[in-house]
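Listed here are the chains, written in short residue letters.
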Amino acid sequence: MKRLKELAHENKRLKRMYADLSLESEALKDVITRKL
């Protein structure tokens with residue numbers, strides 16, 4: 001049970017990390033397209 005909670009916590013952390021990177025990528029793409 002403890003391992004399951006650890007994995008759930010890690011999964012949540014990784015999803016947040018992915019979302020942050022994805023959002024940053026979209027923001028950079030937006031900036032680039034506005035400059036062109």
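Residues numbered from 1 in each chain as written. Predicted model: local features only at pLDDT ≥ 70, side-chain atom pairs only at ≥ 80, totals over all residues. Heavy atoms only, no water.

K.L.:
Let's hear about the environment of Lys35: which residues, and what values?
P.N.:
As for its position among the elements, Lys35 is in helix H1 (residues 2–35). Here Lys35 falls in the exposed class, since its relative accessible area comes to 71%. The sequence separation of Lys35 and His9 amounts to 26 residues, and the corresponding C-alpha distance is 40 Å. (Helix = DSSP H or I, 4+ residues; strand = E, 2+ residues; numbered from the N terminus. Buried < 20%, exposed > 50% of the residue type's maximum accessible area, 1.4 Å probe, protein only.)

K.L.:
Please provide a residue-by-residue account of the UniProt feature "coiled-coil region" (unreviewed entry) in the protein, values included.
P.N.:
When the UniProt feature table is mapped onto this chain, "coiled-coil region" (unreviewed entry) is found at residues 4–31. Strand forms 0% of residues 4–31 and helix 100%; the C-alpha atoms that close the span are 41 Å apart. (UniProt positions renumbered as here; feature names shortened; annotations may be inferred.)

K.L.:
I'd like a description of a nonpolar patch on the surface, backed by residues and values.
P.N.:
Taken together, Leu14, Met17 and Leu21 make up a surface patch of nonpolar side chains, about 270 Å² in accessible area. Position of Met17 among the secondary structure elements: in helix H1. A relative accessible area of 38% places Met17 in the partly exposed class. (Patch = residues over 30% accessible without salt bridge, like charges linked within 9 Å, V, L, I, M, F, W, Y side chains within 5 Å. Areas by Shrake-Rupley, 256 points an atom, 1.4 Å probe, with all protein chains shown as cover. Salt bridge = Lys/Arg side-chain N within 4 Å of Asp/Glu carboxyl O.)

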